[in-house]
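The residues making up each chain are set out below.
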Amino acid sequence: MNASHAIWRRALLALALLVSATFVGVFLLGGGRADVSGSGGSAEVGAASLTSQDSASAASQLALGRTLFVENCSTCHGIGAYGGDRAPPLLGVGGATVDLWLSSGWMPLREPTAEPVRKPAAFNRPEILAIVRYVTSLAPALPGNPGIPFNLDISHANVAVGFSLFALNCAPCHTITGAGDALANGIQAPPLHGVTKTMVYEAIRTGPGNMPRFGPGTLSRSQVIDVVGYVVNNIEHPYSPGGISLGGVGPVAEGFVGLFVGVGACLLAAFWVGDRTEPEEDEGHGDDGHGDDGHGDDGHGDDGDDGHGGHDHRELAHA
């Protein structure tokens, strides 16, 4: 009995350690959200250099953009951005598309055959703007392909409306907490942590990858600004009025903690109570055993007395 209880105690201790480690992992899951956008500050920096009409400045920026594009992008897109077997053409895509893919780190690829993944941007802000100027100089933007939204003001964004629009149009893929999720056929909806307001606006308007494009006919400019305000303010800086956010991954973590920590604590308490009551029961059985021995002695005494009484009667009858 004691050996089995020792095994149970070891198993419960191991389970408690596992649950504790898992709880710490879930709690810290969203703690280290690094800024992988690579831009650091606002995308508005350098707007004057991109829109400048000064011939010397524009020519210098255009030359820098062409050099960077040829060295880092032409392997797949071609020097003239006509595209090829590995990548689509970039003619007429608009400045917002080029800016988003470079700022988010999706482009350029580490390997020409690799899939785009989120990573720190390979270029600083002036270099990105130079590449945007070069690509957009090759062909005018097609209708519906916007440019970079410089001087984007979200100070008056209605985050309540933004939350409703986000829950309806964005949460099914990015989750309600913006943590991202795996979709069908190996497609991944990226997390929305570490993004700038310009990147969010550009993603909504251009629809990168498999994301649908929300043009003016779907979401007005004020609605897009409301969504951007919600993402930048509430998702980037979440508030948890109910207590610990548990990494911001939603009710799955809450149910996990409630099941394993709560039930595990109840099991530990039950076995602790059982271990305390077992010695008391064993002690009570020992006392009963001594009483039985005493009773046996009495019985033996009675038997002895009865035996001696019968012998005396036989002697009297013989006499």
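Reading guide: rules and limits
Residues numbered from 1 in each chain as written. Predicted model: local features only at pLDDT ≥ 70, side-chain atom pairs only at ≥ 80, totals over all residues. Heavy atoms only, no water. Helix = DSSP H or I, 4+ residues; strand = E, 2+ residues; numbered from the N terminus. Buried < 20%, exposed > 50% of the residue type's maximum accessible area, 1.4 Å probe, protein only. Contact = heavy atoms within 4.5 Å. Areas by Shrake-Rupley, 256 points an atom, 1.4 Å probe, with all protein chains shown as cover. Core = buried A, V, L, I, M, F, W, Y, C linked by side-chain atoms within 4.5 Å. Patch = residues over 30% accessible without salt bridge, like charges linked within 9 Å, V, L, I, M, F, W, Y side chains within 5 Å. Salt bridge = Lys/Arg side-chain N within 4 Å of Asp/Glu carboxyl O. pLDDT = per-residue confidence, 0-100. Phe/Tyr/Trp six-rings, centres within 6.5 Å; stacked < 30°, edge-to-face > 60°. Arc of directions from axis to C-beta. Axes fitted to C-alpha atoms, helices over the stretch in contact; angles between N-to-C directions. Parallel < 35°, antiparallel > 145°, perpendicular 65-115°, else oblique. Nonpolar A, V, L, I, M, F, W, Y, C, P; charged D, E, K, R; others polar.

Colleague: Hey, could you run me through the overall build of the chain in this one?
Modeller: For the chain, the count of helices and strands is 11 helices and two strands. Seen in sequence order, the chain has helices and strands lined up from the N terminus as α-α-α-α-α-α-α-α-β-β-α-α-α. Residues classed as buried in the chain amount to 32% of the 319 residues present. A fraction of 65% describes how many contacts in the chain between residues 6 or more apart in sequence connect residues 24 or more apart. Carbon and sulfur atoms make up 61% of the accessible area of the chain, which amounts to about 18800 Å² in all.

Colleague: Just to check I follow, could you spell out the nonpolar core for this structure?
Modeller: For soluble globular proteins, nonpolar side chains are generally found buried alongside one another. Counting residues in hydrophobic clusters, the biggest one holds 26 residues, and the most contacted among them are Ile-154, Phe-166, Ile-204, Val-228 and Val-231. If you list the elements that add at least two residues to this core, you get helix H7 (159-169), helix H9 (197-206) and helix H10 (221-235). Residue contributions to this core peak at eight residues, all from H10. Setting aside chain neighbours within four positions, we find Phe-166 in contact with Ala-171, Thr-175, Ile-176, Leu-192, Val-227, Tyr-230, Val-231 and Ile-235.

Colleague: Just checking my understanding: could you explain a nonpolar patch on the surface for this structure?
Modeller: Residues Leu-259, Phe-260, Val-261, Val-263 and Leu-267 make up a contiguous nonpolar surface patch of about 390 Å² in total accessible area. Structurally, Val-263 is set in helix H11 (residues 251-318).

Colleague: What should I look at first to understand unusual backbone geometry in this one?
Modeller: With the exception of glycine, most residues fall at negative phi, and the peptide bonds are largely trans. Here the bond from Met-107 into Pro-108 is cis, since omega is 0°, no more than 30 degrees from zero. The topology assignment puts Pro-108 in the loop between helix H5 (95-103) and helix H6 (125-138). In this structure, Thr-175 is a non-glycine residue whose phi angle is positive, near 70°. Of note, Thr-175 is situated in the loop between helix H8 (171-174) and strand E1 (181-182).

Colleague: What's the story with the confidence of the model for the chain in this structure? I'm lost.
Modeller: Low pLDDT means the predicted coordinates in that region are not meant to be read closely. Confidence in the prediction for the chain averages 77 pLDDT; 64% of positions are at 70 or higher. For the chain, per-element mean pLDDT is lowest for helix H2 (residues 47-51), which scores 48, and highest for H9, which scores 96. Scored below 50 in pLDDT, residues 26-49 makes 48 contacts in the model with residues more than four places away or belonging to other chains.

Colleague: Any chance you could explain the packing of aromatic side chains here in plain terms?
Modeller: Aromatic ring pairs: the centre-centre distance and the angle between the two ring planes describe each pair. One pass over the full model with this rule turns up four aromatic pairs. Ring geometry for Phe-69 and Tyr-134: centres 5.4 Å apart, planes at 50°, overall tilted. Linking Phe-69 in helix H3 (residues 55-72) with Tyr-134 in helix H6, this pair joins segments that are 65 residues apart in sequence. You can call Tyr-134 buried: its relative accessible area is 6%. Taken together, the ring pairs in this structure connect Phe-163, Phe-166 and Tyr-230 into an aromatic cluster.

Colleague: How do you make sense of H7 when you look at a structure like this?
Modeller: Residues separated by three or four positions in an α-helix point in the same direction, a consequence of the helix having 3.6 residues per turn. Looking at H7, one finds that the buried residues are Gly-162, Leu-165 and Phe-166. Axial view of H7: buried residues confined to an arc of 100°, hence all on one face. Buried-residue contacts for H7 involve H8 and H10.

Colleague: Sorry, what's going on with the environment of Phe-163 here?
Modeller: Mapped onto the fold, Phe-163 is located in helix H7. The spatial distance from the C-alpha of Phe-163 to the C-alpha of Gly-229 is 9.2 Å, given a sequence separation of 66 residues. Excluding its chain neighbours within four sequence positions, the residues that come into contact with Phe-163 are Ile-176 and Tyr-230.

Colleague: I'm lost on H9 in this one. Help?
Modeller: Among the 10 residues of H9, nine are classified as buried, and the element is accordingly described as predominantly covered. Buried residues of H9: Thr-198, Met-199, Val-200, Tyr-201, Glu-202, Ala-203, Ile-204, Arg-205 and Thr-206, and no others. Contacts from the buried residues of H9 go to H5 and H10. One or two residues past the end of H9 sits Gly-207, with phi positive at roughly 65°.

Colleague: What's the story with the packing of H7 against H10 in this structure? I'm lost.
Modeller: Look at H7 against H10: their axes get within 7 Å of each other, and the N-to-C directions meet at 95°. It follows from the interaxial angle that H7 and H10 lie roughly perpendicular. Side by side, H7 and H10 meet where Val-159, Val-161, Gly-162, Phe-163, Leu-165 and Phe-166 of the first sit next to Gln-223, Asp-226, Val-227, Gly-229, Tyr-230, Val-231, Asn-233, Asn-234 and Ile-235 of the second. Of the residues belonging to the contact of H7 with H10, the class tally is nine nonpolar, five polar and one charged.

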